[in-house]
Amino acid sequence: MTHLIDGKKWALLSREETKQACAILTQEGRQPGLTVVLVGEDPASQTYVRGKEKAATEAGMQSAIIRLEATITQDELLAVIYRLNQDPHVHGILVQLPLPKHIDDQVIIDAIAIEKDVDGFHATNVGALALGLTGFVPCTPLGIMRMLAYENISLSGKHAVVIGRSNIVGKPMAQLLLKANATVTICHSKTENLGQITRQADILISAVGKAHLVKADMVKEGAVVIDVGMNRLDGKLVGDVDFENVKEVASAITPVPGGVGPMTIAMLLHNTVQAASNVTS
Ligand code: NAP
């Protein structure tokens, strides 16, 4: 029988650990602070940002949202980031993506002080991950690794196939799997014979954004399947994986919702506490 990987349960556990760490730091007079910058009025972004703020407050952090007009210039936004970089009460800065088209996402991300880049998207943190050095790791792949560890799923020597090569999920996911000694294959929109490759996976991770992309005949018997996708289908939130059929083949699988999503927020809190702990003076 397939084992359902309960992301909500593991996220609660992780958030409890974070809350305890946060309480200790607060007692020491350095309460962790997370500031989220939201530009424009995109409804999905508004929901994500509110969720992050609520989670940070529940963990005992100082949490703030800076809401800015979509018409803000790149220079004005950079000035906001520079001010947050200087603020000793702000340990984590998160700029909700995507930004309006007239602003270059990477210029803004790279303006964040690397020690406050709790999303792990700054070029220096991306490079650190690639080199196997210490730095902030993007929350979604970090959460997946944490969940696999909680589940005692071994990765060393296993063939892990990642579908998707975005900077925020696919690429860092592949780096982390490689660091854990998996043999890693990355697939993307130009990959030929996708099913032939995914059928070789012991661990299959889909981060695409296409409902029902991963069908049962693309999954090896006994594989572990992690579904990062978040898609709307007939008004319902679904992943990339055809869950009902794939669960008959997989040995373990994450649901959507209730799988990877809760762990992403838990890792944002974890990274923010880490940022606050790193401050020495
Ligand atoms: P993205 O930047 O749009 O990247 C999607 C990737 O999928 C690209 O690398 C693309 O290939 C690849 N792709 C597209 N069609 C494909 C196909 N038919 N076969 C194989 N690969 C294909 O998306 P993202 O930001 O990584 O997010 C991916 C999904 O995860 C989305 O549904 C997003 O909402 C979700 N997500 C969930 C969480 C969470 O916490 N649960 C966090 C982040 C993202 P190319 O590079 O060739 O274009």
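For the structure, check the block above.
This text gives an overview of the structure that appears in the document. Please read these numbers as outputs of a predicted model, since none were measured by experiment.

## Here we look at the overall build of the chain
At step 1: Of regular secondary structure, the chain possesses 10 helices and 11 strands.
At step 2: Against the globule reference of 19 Å for 281 residues, the chain gives a C-alpha radius of gyration of 19 Å, in line with a compact fold.
At step 3: Within the chain, buried positions represent 49% of all 281 residues.
At step 4: Counting every atom, the chain has about 13600 Å² of accessible surface; 54% of that belongs to carbon and sulfur.
At step 5: In the chain, the 25 positive side-chain charges and the 29 negative ones have mean positions that sit 3 Å from each other.

## Comments concerning the side chain of K52
At step 1: Turning to its location among the elements, K52 is positioned in helix 2 (residues 43-58).
At step 2: Buried within the structure, K52 lacks any salt-bridge partner; D119 is the closest side chain of opposite charge, at an N-O distance of 5.6 Å.

## Describing the sheet that holds strand 11 (residues 252-253)
At step 1: What the 6 strands build is an open sheet, ordered 1-11-8-7-5-6; its pairing is parallel. Strands at the two margins of the open sheet, each flanked by one partner only, are strand 1 (3-4) and strand 6 (183-187).
At step 2: Here strand 5 (residues 159-163) pairs with strand 6 via 5 bridges, running parallel. Note that in strand 6 the partner of V162 across the bridge is I186.
At step 3: Here helix 7 (residues 170-179) sits on the sheet and contacts strand 5, strand 6 and strand 7 (203-206); the angle it forms with strand 5, its principal contact strand, is near 170°.

What counts, and where the lines are drawn
- Residues numbered from 1 in each chain as written.
- Predicted model: local features only at pLDDT ≥ 70, side-chain atom pairs only at ≥ 80, totals over all residues.
- Heavy atoms only, no water.
- Helix = DSSP H or I, 4+ residues; strand = E, 2+ residues; numbered from the N terminus.
- Rg over C-alpha atoms; globule rule 2.2 N^0.38 Å.
- Buried < 20%, exposed > 50% of the residue type's maximum accessible area, 1.4 Å probe, protein only.
- Areas by Shrake-Rupley, 256 points an atom, 1.4 Å probe, with all protein chains shown as cover.
- Lys, Arg positive; Asp, Glu negative; His and termini not counted.
- Charge placed at Lys NZ, Arg CZ, Asp CG, Glu CD.
- Salt bridge = Lys/Arg side-chain N within 4 Å of Asp/Glu carboxyl O.
- Pairing = 2+ DSSP bridges.
- Contact = heavy atoms within 4.5 Å.
- Axes fitted to C-alpha atoms, helices over the stretch in contact; angles between N-to-C directions.

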